[in-house]
Amino acid sequence: ADVDGADGARARKRVAFPPSGLVPFRGLASLACPLCYVSDVPAELYALSRALWARYWSGLHALSARRGCLLHVLKTFEVLVLEAEPALSHHLAQLGAHPTLLAYNWLVFAFVGYLEVGQVLLLWDRVIGYDTVDVLAVAAVAIFRFRRDALLAAASEQEVADALDDVSNVLIVPLMQDLLALRPTGRA
């Protein structure tokens, strides 16, 4: 940008846009969309979105092993799926369908665009209530467990992806409760 100096001379000043110098990633707005069901006041939506980003979602976009960051959540998911469903984990590994890669987008986008909005908000309520994004890893394992029969029947990596392609009809809270209580689920 051109600016006038005190002596009247024009000078070039380097200005970064956005001011932070970081370009927002593709999909950032999607993390704010479910909040439109909570409030229709723009200032409230901004405050909610900013608070959730600062407290939870920014960590999902940071390559760090710190608690609350992406690598920690991925590792938590990996450990939980191995412990809760060892046979399924083995079967997926034999097919070359790594569970962590399959669940990656769910975790990075906190299930926005994958679950129905009401289910996303119920899940986020647990994230806030327990004050940890590890809840997202539990939700992902619960979906794998719910789709276990279809995943075990899959004979290829594409069939695995197809079995997990549409999870929009999932009721996430009961699945998580079943997983945490290690109760059998109604399989799909």
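For the structure, see preceding data.
Let me begin by describing the structure that accompanies this report. If you're wondering where the values come from, they're calculated on a predicted model, not measured in any experiment.

1. Some words on the pattern of salt bridges
Enumeration over the complete set of coordinates arrives at six salt bridges. One salt bridge connects Arg145 with Glu85, and the closest N-O pair in it is separated by 3.4 Å. Placement of Arg145 in helix α6 (residues 134-146) and of Glu85 in the loop between α2 (70-84) and α3 (86-95) is noted, with a sequence separation of 60 residues between them. For the pair formed by Arg145 and Glu85, the shared burial category is buried. Where Arg126 meets Asp125, a salt bridge forms, and the shortest distance between an N and an O atom there is 3.7 Å. Its relative accessible area of 47% is what places Asp125 among the partly exposed residues. Here the residues in one salt-bridge network are Glu85, Arg145 and Arg148, joined through shared partners.

Cut-offs used in this document
- Residues numbered from 1 in each chain as written.
- Predicted model: local features only at pLDDT ≥ 70, side-chain atom pairs only at ≥ 80, totals over all residues.
- Heavy atoms only, no water.
- Salt bridge = Lys/Arg side-chain N within 4 Å of Asp/Glu carboxyl O.
- Helix = DSSP H or I, 4+ residues; strand = E, 2+ residues; numbered from the N terminus.
- Buried < 20%, exposed > 50% of the residue type's maximum accessible area, 1.4 Å probe, protein only.

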